[in-house]
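What follows is each chain in one-letter form.
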Amino acid sequence: MKHASLSPAALRPSRSSLALAAVLPLVGLQLAHAQSGPTKLAAVIVSAEREPTLPQAAAEYQAEQLMSRRAATSDTASLLQDIPGVSLYGAGGASSLPSIHGLADDRLRIKVDGMDLVASCPNHMNPPLSYLDPTQVGKVEVHAGIAPVSSGGDSIGGTIIVETQAPEFAVPGQGLLTQGEVGTFYRSNGDAHGANLSATLASDSLSLSYSAATAQAGNYQAGNYQAGGDFKTSTATGRAGHALPLDEVGSTAYETRNQTLGLAFKEGRHLIEAKLGVQDVPYQLYPNQRMDMLGNQQQRISLRYQGDHDWGRLEARAYHETVDHFMDFGADKRFYYGDASWMDPVKGAIGKSTLDGTYCPSPLTPGCAHGMPMYTQSKTDGLSIKADIALGGKDLLRVGAELQQYRLDDWWAASGVNMAPGVFLNIHDGERDRKALFVEWEARLNPQWTTLAGLRHERVITDAGNVHGYADTNGMAPMFNYQQRDSKAFNALDRKRSDDNLDLTLLARHQIDASRDLEFGFARKTRSPNLYERYTWSTWAMAAVMNNFVGDGNGYWGNPDLKAEKANTLSATYDWHAANREWGFKATPFYTQVQDYIDAIDVDPKASYDTGFKGLQYANQSARLYGIDLSGHMPLAQTGYGRWGLKGLLNYTHGENRDSGDALYNVMPLNARLTLTHQQGGWDNALELLLVQGKHNTSDVRNEISTKGYGLVNLRVSHGWKQVRLDFGIENLFDKAYALPLGGAYFGQGKTMSTSQMTKGVNWGTAVPGVGRTLYTGVNIRF
C-alpha cells in the first residue's frame, strides 16, 4: 500500500444521510470519466510520518487495532476502556461518558473529526462519541491530564480525539479504486444485533466514501440485558401487565442508525474535504435516569482544507451541527400519573398502593398526566485555523484560532390538564460562544531533549433568555407558585457572563538511553460552566430531578454566578522499554488541584439526610485529585502453538473536595486489567482478567451508593483471512453478579417520577448492575 505525504492527521471520511447517497451516481460518472477503467487497485491513504510530538499520548489506536472490540460493543466510548487512566460513566447502551483521572463529560475536550460537539440534553444523553458507531472509528488518540493547548481548550481533564477512516485514492494512472466492507454482529445478552456497510469509489484525485451502521438491543416494548443474578426485590414496572424478572436490568434497550458521506479532492500536497453525517436514534433507554431518550436526530457538515507549504502546514475547518432531542418515559417506566391514573375504567378505584398507573381516558382529564414530554434543540457552528510553521530543522511553531457558537432551547410540554396550557422553559435562548487564540512552540534542543511550551487564551460568553414554568398565575397548586417565584427571581437577573480563560502547558521529554524515556510537565487548564450548570433555575423537585447528567437520581439547579474551573496539574511518565519496543513498562503519577471546582451543595439545612435523593445546587468549591497509572506488556514464549504474551494496566485515582472534605462523585476505585495474548497465523486471541476494588469512598452530599469489589474473566477469539474476519467472545465468562462503580442509581423501571423519592424512595440504594454472561460473534467481509 502506498502513502502520499501530506499531513500529520490522517484524512478522514465524511458522513451523510441516505438521501445524500443519491449523489453517488453523479460523482461516480465524474470519476469514471477521469480514469481509463474500473480496475480495482490498492489504495493511497493520505498521511505523513514525523517524529513523535509532545506530549506522548496515553494511547493511540488505528482501526485495525480496534477490530477485535467492535463486535463486543455498540458504544464507541467503550473502545477506550483499556487505556490507562480512563473509565466510563454508565448511561445508555450506546452513550457512556468517558472519564480521565476522575474528570468526565464536559471536563474533557472530545473532538470528533476535529469538531467540538456538545451534549444537548439535561441528562447528557447525546455526548459527542455517541454520534459514531464503533465500526466507523478510524483512529483514537487520548491525552490524559496534560494536553497540548493546540488540541483544544475549555476543559481540565484531558483530550480525546476520534477520527473516522482516512479518505483513500487510487494509484495515479491505474484506473478507479473500488472497495468496501460489510459486517454484522450478534450478542446473546439483550439480543443485541446490527450491521455495518462502507464503500469507497476513488480516482487518484477524487474520493467518495459512504458508511452506514445500525445497532439494536432488544426492542422498545421488550428486551433488556440480564445481570449475573437477582439485584432487586420488585418486578413491577408501573405498567399494568408488564413485569421484569429480578435479574433483568430495565431500560437498557436501544436502536441507533448512523450514516456518513465523504468527498475529498487531492491536488499535489493540498486536500479539500467535505463530510456530512446523520444520526437517527428512535429510542435509547436509560437505567440510571428517570426519563428515556425516545428520539434523537443529528445532522452535521464539515469542510476542511489541509496542505503542505514551503514554510510548513496549514489546516482550516468549518462545521455546522443541529440536534433535535426528545425524552419521555420508556416502556419499562410508569407512563400515567395523577389521581385519575389510580382508577380502573371497569373496576373503579384501585387504590394508590399499586405501583401501576392505569390508562387515563384523555390528557385533558383532571388529575391525569400522560408522560412528561421534554424537548431539546441545539445548533453549533464552528471555525478553526491552525498553522504548523517550521523553524529551522528542529523547532516547530503552532499558531491557531478557534470560534464556536452554540445555541440551545430546552422546554417541556404540559403533561395533563393541571399543567396545561403552559410550557416549562428549562433553558430559553441559551447561548454559549467561544473565541480562542493559541501559540505553541516545540523545540528539539538536542537528540536527548525535546520541550513544548504552549499558551492559550479563550473567551467564553454565556447568556439565556427569560423563562417561565407551566403556569404563571397564583392560586394554583403550590408547585406552580414555586415555579413563578423562581422564574421571577431568575428573570430579574442580568444573566450574561464572560470568562477570560488562560491555559498553559509546559512539557519536556528526556531520552535517557535507548530503553528509557522520561516525560514530565505542568498544565493549567480552565473550563467555563455549561448552560445547564449556569441557567437551570427551578427548585421544584420534579423539575430539578430532570436536570441530572451524572445518573445519581438527585435533583439539580443552576447558578448564574458560577466561575470557570481552573486546574493545575503536575504529571510525569517514566517509560522503560526494549529498544525494539518488544516489551515495555510505563508509570504515570499525577496530581491535580482544581480551583472553583463545580460541585453540588445542600441549600436546605433540613436536607442533611444520609439516604434517599436530594435537591442540590451547583456551587464553586475546591478539589484535589491524585493517583497513578501503570501499564506494560511483555512476550512470554514463542512455541509451535504460537506467540504468547502478557499485557496489563492498573489505575488508581483519589478525589476529594478540599472545602468540605467530602469525596468527589463517581471516581473509579482501584482497578487492574491483566490479559494473556496469543497469536498464530490468522489467529488473535486473548484471555482477560478484570479486577475492581469496592467503592466505599463515596460522595456524602450526593448520597452516592457504595459498590462491592469484583473480578471478571473475558475471552476473545478472532481469525482473519485475506478478506474475511471472524470474531467470537464471551464477556463475564463465569456470569458474575456485580454493580457498576460508575453506573449510578438504578431507575430502570417503575414509578421513576415519584417526588417522594427525594426523601426515601424505593429505588435508593440500588446501583445499576453490570452485564451478565454474554456470548458474541461478528463477521466482516472486505471487497
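That block above? That's the structure.
All chains use their own residue numbering, which begins from 1 and follows the written sequence. Two thresholds apply to this predicted model, a pLDDT of at least 70 for residue-level local features and 80 or more for giving and counting side-chain atom pairs, whereas whole-chain, interface and lining totals are computed over all residues. Heavy atoms from the whole structure form the basis of all side-chain values; hydrogens and water molecules are not counted.

Participant: How would you explain the side chain of Glu 402 if you had to name every residue and give the values?
Facilitator: Turning to its location among the elements, Glu 402 is positioned in strand β24 (residues 395–412). What makes two residues a contact is simply this: any of their non-hydrogen atoms within 4.5 Å. In this structure, Glu 402 is in contact with Lys 111, Asp 116, Leu 383, Ser 384, Arg 434, Lys 435, Ala 436, Phe 438 and Arg 456, ignoring residues within four places of it in sequence. Helix and strand labels come from DSSP, where a helix needs a run of H or I of at least four residues and a strand needs a run of E of at least two; each type is numbered from the N terminus.

Participant: Can you break down the sheet that holds strand β5 (residues 97–100) residue by residue, with the values?
Facilitator: Paired strands, in this sense, are two strands between which DSSP finds at least two bridges. If you trace the three strands from one edge of the open sheet to the other, you get β4-β5-β6, paired in antiparallel fashion. For this open sheet the edge positions go to β4 (86–89) and β6 (103–104), each flanked by a neighbour on one side alone.

Participant: Could you give an account of empty space enclosed by the protein, with specific residues and numbers?
Facilitator: The probe, sized like a water molecule, is rolled over the atoms to show the empty space still left. A 1.4 Å probe that fits but cannot get out identifies a cavity on a 1 Å grid over protein atoms alone, an open set with protein on both sides within 12 Å along at least five of seven lines counts as a pocket, and a residue lines either if it has an atom within 4 Å of a point. Grid points are joined across faces, edges and corners, and a volume is the space filled by probe spheres set on the points. Going through the model one piece at a time under the given rule, you end up with nine cavities of 30 Å³ or more. Taken as a whole, the largest cavity holds about 340 Å³ of empty space. Looking at the largest cavity, it is lined by 22 residues, and the ones nearest its centre are Gln 56, Ala 58, Ala 144, Thr 573 and Thr 588. Sorting the residues of the lining of the largest cavity by element identifies β9 (137–144), β28 (516–527), β30 (565–577), β31 (584–602) and β32 (615–639) as the ones contributing at least two each. The computed volume of the second largest cavity comes to approximately 270 Å³. In terms of lining, the second largest cavity is formed by 21 residues, of which the most central are Asp 106, Leu 117, Val 118, Asp 154 and Arg 432.

Participant: With reference to specific residues and values, describe a nonpolar patch on the surface.
Facilitator: Residues enter patches when they are more than 30% accessible in relative terms and free of salt bridges; like-charged ones are connected within 9 Å and nonpolar ones (Val, Leu, Ile, Met, Phe, Trp, Tyr) within 5 Å. Accessible surface is estimated by sampling points in the Shrake-Rupley manner with a 1.4 Å probe; for residues, cover comes only from the protein chains shown. Should a side-chain nitrogen of Lys or Arg be within 4 Å of a carboxyl oxygen of Asp or Glu, the pair is scored as a salt bridge. Together, Trp 576, Trp 583, Phe 585, Met 634, Leu 636, Tyr 641, Trp 644, Leu 676 and Leu 687 make up a nonpolar patch on the protein surface, roughly 870 Å² of accessible area in all. In this fold, Trp 583 is placed in the loop between β30 and β31. Whether a residue is buried, partly exposed or exposed follows from its accessible area with a 1.4 Å probe, protein chains only, as a fraction of its type maximum: under 20%, in between, or over 50%, in that order. Judged by relative accessible area, which is 30%, Trp 583 ranks as partly exposed.

Participant: Could you give me a rundown of the pattern of salt bridges, with the residues and numbers involved?
Facilitator: A full pass over the atoms with the stated rule returns 47 salt bridges. The shortest N-O distance in the salt bridge between Arg 109 and Asp 154 comes to 3.7 Å. In this pair, Arg 109 is assigned in strand β7 (residues 109–112) and Asp 154 in the loop between β9 and β10 (158–164), connecting sequence segments 45 residues apart. Here Arg 109 matches Asp 154 in class, with each residue buried. Here Asp 499 ties to Arg 534 by a salt bridge, and the two come within 3.0 Å at their closest N and O atoms. Placement of the pair is Asp 499 in strand β27 (residues 497–513) and Arg 534 in helix α4 (residues 531–535), with a sequence separation of 35 residues.

Participant: Which residues make up the sheet that holds strand β3 (residues 59–62), and what values go with them?
Facilitator: Taken in spatial order, the five strands make up an open sheet running β3-β9-β10-β7-β8, and their pairing is mixed. Each having just a single partner strand, β3 and β8 (115–116) make up the two edges of the open sheet. By the bridge criterion, four bridges tie β7 to β10 in an arrangement that is parallel. Opposite Lys 111, over in β10, you have Ile 161 as the bridge partner. The strands touched by helix α2 (residues 63–70) within the sheet are β3 and β9, with β3 carrying the most contacts at an inclination of about 85°. Axes, fitted as lines to C-alpha atoms, cover a helix only where it is in contact. Angles between the N-to-C directions of the axes lie from 0 to 180 degrees.

Participant: An account of the packing of aromatic side chains is needed here, citing residue identities and associated values.
Facilitator: Two rings from Phe, Tyr or Trp (for Trp, the six-membered ring) form a pair when their centres are within 6.5 Å of each other. A pair whose planes differ by under 30 degrees is stacked, one over 60 is edge-to-face, and the rest are tilted. Following the criterion strictly, the structure yields 17 aromatic pairs and no others. Members of the aromatic cluster, joined through ring pairs, are Trp 412, Phe 424, Tyr 470, Trp 537 and Trp 540. Placement of a charge over a ring requires the Lys NZ or Arg CZ to be within 6 Å of the ring centre, with the centre-to-atom vector within 35 degrees of the ring normal. Lying across the ring of Phe 169, Lys 266 places its NZ or CZ 5.1 Å from the centre. It is Arg 290 that lies over the ring of Phe 613; its NZ or CZ is 5.3 Å from the centre.

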